[in-house]
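What the coordinates show
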Amino acid sequence: MSPHAAQAVDVAAGVNTPAAGKRMWLRTLRLESFRNYGRLEVELDQGLNFFHGSNGSGKTSILEAVSYLAVARSLRGSSDTEVVKWGERGFGVGGEARCGETPLGIVLRFTRSEGKEVRVAGESLARLSDLVGVLRVAWFSPEDTWITKGGPAERRRLLDMTLCQLDSGYLTALANYRRTLRQRNEALLSWSPDEESDRIVDVWTERLVKYGSRVIATRLAFLPHFASCVSHTHSRISAVDELELGYRGTVLSAGGKEAAAHAEGDVEQAFREALGRISEDERRRGFTLLGPHRDDLEVRLNGRALRSFGSQGQHRTAAIALKLGQAAALDQNGQGVIVLLDDILSELDETRAGALVELTEEFGQALMTSTRRLPKGVLGRSTCFGVEAGEVVRE
Amino acid sequence: MIGFPASLERLVQLFTRLPGIGRKSATRMALKLLTSPEAECAELAGAIMDARTRTIGCSICGGLTEDDPCAICSDARRDPSTVCVVERPSDILALERTGRFRGRYHVLGGLLSPLDGIGPENLRIDRLLDRLEGKTIAEIILALNPTAEGEATALYVARLLSQRGINVTKLASGLPVGGELDLADELTLGTALDERRAV
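Residues numbered from 1 in each chain as written. Chains lettered and ligands numbered in written order. Predicted model: local features only at pLDDT ≥ 70, side-chain atom pairs only at ≥ 80, totals over all residues. Heavy atoms only, no water.

Remarks on the overall build of chain B
Scanning chain B from N- to C-terminus turns up 7 helices and 6 strands. Listing every helix and strand of chain B by position from the N terminus yields α-α-α-β-β-β-α-β-α-β-α-β-α. Relative to a compact globule of 199 residues, whose C-alpha radius of gyration would be 16 Å, chain B shows 22 Å and is clearly more extended. For chain B, the C-alpha atoms occupy an extent of roughly 65 × 45 × 35 Å along the three principal directions. Put simply, chain B has 199 residues, and 34% of those count as buried. Long-range pairs, those at least 24 residues apart, make up 46% of the contacts in chain B between residues at least 6 apart in sequence. A total accessible area of about 13100 Å² is found for chain B, and carbon and sulfur atoms account for 56% of it. Across chain B, the mean location of the 24 positive side-chain charges is 3 Å away from that of the 27 negative side-chain charges. (Helix = DSSP H or I, 4+ residues; strand = E, 2+ residues; numbered from the N terminus. Rg over C-alpha atoms; globule rule 2.2 N^0.38 Å. Buried < 20%, exposed > 50% of the residue type's maximum accessible area, 1.4 Å probe, protein only. Contact = heavy atoms within 4.5 Å. Areas by Shrake-Rupley, 256 points an atom, 1.4 Å probe, with all protein chains shown as cover. Lys, Arg positive; Asp, Glu negative; His and termini not counted. Charge placed at Lys NZ, Arg CZ, Asp CG, Glu CD.)

Laid out in structure tokens, this is it:
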């Protein structure tokens, strides 16, 4: 069994046990001059915290504030100055995280003149990047359905972002691969039929094979673990559909269930041979025709490619499963992930919404926003908050 | 808003053209010069021109020197059969500080980069081949940065030299001396593991 497969079992077991005691969760959240909030303090609970209110009431801003405590920036994609309340010079976000009984204070302040400062347990951090990993979050919004609806680039990005966080060697190999790819494309574009031109292209080909094989081998080795996290999450939301992941590669492919352990040397050989077969074609067309930058993470639902036939609800369910599966895959030491779900219930039927609520509760802690209220039966033990014009009322 | 007098502003502007110098540092340097004795300013101006006119590239290795050939190339005690290939003249200084290398150097003057239009003809590769022609060469050491361009250039040069039957090596990458295992980043430690050697 590969090391990844062993972790897959752990993660699956973790998701099944209700809110383990050692999980990190956010007990209080404080906002100051943040978006439409002057001052706000919210007490959160473990499990699901459900925020409902009309459009523009400030629901998403609460999730956004949590993202500042985790990664020191807005996962909604806004700049720091955009989130400052109108007429103010800066903003502050604070929170008390809990890991078992141990409290941990995190405070982030931003002013236009001084920039950002983060304090964890009273200590000012030298670099903002030191905050990453203290509190882990996963953000999901309706636009994320592009993961399954869009082209392969969206799914490669999900895979790459996950692996870059787990393996710094992967990050370096990927950056070098992209750089080498651009250099090789340029060399192919200016290629002319002479020996020197071939020598130049060959050098870049060999380097492309080196970096690219590291990328492919790492993706293939990670796939079974990732696929099991995603399928497991998916099966919790949808009882009827079965989701599978596969790697559809231009060099090597693999189904999600196979233990796809390929030695880097074997991948190198396959990659080199594949490029050798199309070398004339590449020289004629002037760019690189295959490699990990053209591979796809295929999502199959009940044995068929989801992208070509899935319904709106099926896409949304699959995208949520991919994002939550990613969170589970990243949570290697079981410290818990705070799941932030922004307005994702609109296209889910009540059964799936209920299943999702149940799933998020088991994840540790989740914050969810919606414009509609959910029936008591669906919400279970969740904590509900009404949001209206900068006021948050616990119900 | 009133700015600096024109001549001071010009000096600040010229300083910001230098690498690593932003507007703030440039202003501090310029203001410091304003209050320095005139002789010091003249010395600085003279030194800049002096260095600029006297320093040339060695016609053999490409390193910086005032006399051609440079001190290393004309030092009979340095082994001419071992040549270390580097990207820039400053790399020679780094390697010399180790005090471990007794051979000669060769500066390429850049790295292969199709994106920047830099091909082998723009580097001092021909000069390297000319230099080795008809000589007995024990080893060529490639000391290029482990970047995408550095690795590609190393491979290109290595292939050319191997065709001529020359022994080519490259610098090892691995653990920093005096470092601790658990503090090394994964990539460094991984490379060190891949390139381990017999004890």
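Points about the interface of chain A and chain B
Tallying the contact residues gives 21 residues for chain A and 19 residues for chain B. Both sides together, the interface formed by chain A and chain B hides about 1700 Å², and carbon and sulfur atoms give 62% of it. Connecting chain A to chain B are 1 salt bridge. The shortest N-O distance in the salt bridge between Glu149 of chain B and Arg179 of chain A comes to 2.4 Å. Our count for the chain A to chain B interface comes out at 5 residue pairs in polar contact (both at pLDDT 80 or more). Breaking the side of chain A that touches chain B down by element, the ones donating at least two residues are α6 (168-189) and α7 (195-237) of chain A. (Buried area = accessible area lost by both parts, 1.4 Å probe. Salt bridge = Lys/Arg side-chain N within 4 Å of Asp/Glu carboxyl O. Polar contact = N/O pair within 3.5 Å; in protein donor to acceptor, adjacent residues only side chain to side chain.)

Describing the domain arrangement of chain A
Taken domain by domain, chain A comprises domain 1 (7-136 + 332-394) and domain 2 (151-309). Computed over C-alpha atoms, the centres of domain 1 of chain A and domain 2 of chain A are 34 Å apart. (Domains from an automatic or database assignment.)

What about the domain arrangement of chain B?
Structurally, chain B comprises domain 1 (6-54) and domain 2 (73-198). Between domain 1 of chain B and domain 2 of chain B, the C-alpha centre-to-centre distance is 36 Å.

Quick word on the nonpolar core
Counting 73 residues, the largest nonpolar core has Phe226, Leu245, Phe271 and Leu356 of chain A as its most contacted members. Tyr68, Val84, Ile106 and Trp139 of chain A belong to the second-largest nonpolar core, a separate cluster that totals 38 residues. (Core = buried A, V, L, I, M, F, W, Y, C linked by side-chain atoms within 4.5 Å.)

Points about a nonpolar patch on the surface
Nonpolar side chains collect at one region of the surface, where Phe4, Leu31 and Leu34 of chain B lie side by side and expose about 270 Å² of accessible area between them. Within the element layout of this structure, Phe4 of chain B appears in the segment before α1 (6-16). (Patch = residues over 30% accessible without salt bridge, like charges linked within 9 Å, V, L, I, M, F, W, Y side chains within 5 Å.)

Brief notes about the pattern of salt bridges
All names here are of chain A. Across all of its chains, the model carries 37 salt bridges over all chains by this definition. Residues Glu32 and Arg109 are paired through a salt bridge, measuring 3.9 Å at the closest nitrogen-oxygen approach. Of this pair, Glu32 sits in strand β1 (residues 24-34) while Arg109 sits in strand β5 (residues 102-111), and the two are 77 residues apart along the sequence. For Glu195, the salt bridge is made with Arg199, and the minimal N-O distance between the two is 3.8 Å. Highlighted residues: Glu195 and Arg199, both in helix α7, separated by 4 residues, approximately one helical turn. Several salt bridges converge on common partners, so that one network encompasses Arg27, Glu96, Arg98 and Glu101.

So, the pairing of strand β11 (residues 296-301) of chain A
Residues and elements named next belong to chain A. With respect to burial, β11 is a largely interior element, 5 of its 6 residues being buried. Sheet analysis places strand β9 (residues 243-248) next to β11, joined by 6 bridges and oriented antiparallel. The residue bridging Tyr247 from the neighbouring strand is Leu297, located in β11. The pairing of β11 with strand β12 (residues 304-305) spans 2 bridges and is antiparallel. (Pairing = 2+ DSSP bridges.)

Focus: the environment of Met161 of chain A
If you trace the backbone, Met161 of chain A turns up in helix α5 (residues 152-166). Counting along the chain gives 165 residues from Met161 of chain A to Gln326 of chain A, while the straight-line C-alpha distance between them is 9.4 Å.

Section: the sheet that holds β12 of chain A
Residue and element names in this part refer to chain A. With antiparallel pairing, the 4 strands of this open sheet are ordered in space as β10-β9-β11-β12. With one partner strand each, in any of the chains shown, β10 (254-255) and β12 form the two edges of the open sheet. Sheet strands in contact with α5 are β9 and β11, and its direction is about 100° off that of β11. (Axes fitted to C-alpha atoms, helices over the stretch in contact; angles between N-to-C directions.)

Let's talk about the side chain of Asp342 of chain A
Residue and element names in this part refer to chain A. With respect to the helices and strands, the residue Asp342 is situated in strand β13 (residues 337-342). In this structure Asp342 is buried but unpaired, with Arg76 as the nearest side chain of opposite charge at 5.6 Å. Within the structure, the side chain of Asp342 is placed 3.0 Å from the side chain of Thr60, a separation counted as a polar contact.

Brief notes about α1 of chain B
Residues and elements named next belong to chain B. Along α1, the residues classified as buried are Leu8, Val12 and Phe15. For α1, the arc enclosing every buried residue in end-on projection is 60°, short of the 170-degree limit, so these residues lie on one face. Across from the buried face of α1, at angles greater than 90 degrees, the exposed residues are Ala6, Ser7 and Arg10. Packed against the buried residues of α1 are α2 (23-34). (Arc of directions from axis to C-beta.)

Overview of the sheet that holds strand β15 (residues 383-388) of chain A
All names here are of chain A. Read across the open sheet, the 6 strands follow the order β8-β13-β14-β3-β15-β16; overall the sheet is mixed. Because the sheet does not close on itself, it has two edges, and the strands there are β8 (137-140) and β16 (391-394). This sheet shows a mean twist of 20° between the axes of neighbouring strands, independent of strand direction. Across the sheet, helix α11 (residues 312-330) lies against β8 and β13, angled at about 165° from β8, the strand it touches most.

Looking at helix α5 (residues 125-132) of chain B
Residues and elements named next belong to chain B. When we look at burial in α5, the residues that qualify are Ile125, Leu128, Leu129, Arg131 and Leu132. Mapping the buried residues of α5 onto a view down its axis gives an arc of 160°, with all of them on the same face. Opposite its buried face, α5 presents the exposed residues Asp126 and Asp130, each directed more than 90 degrees away. Among the structural elements, β3 (79-86), β4 (103-107), β5 (139-142) and α6 (148-163) are those in contact with the buried residues of α5.

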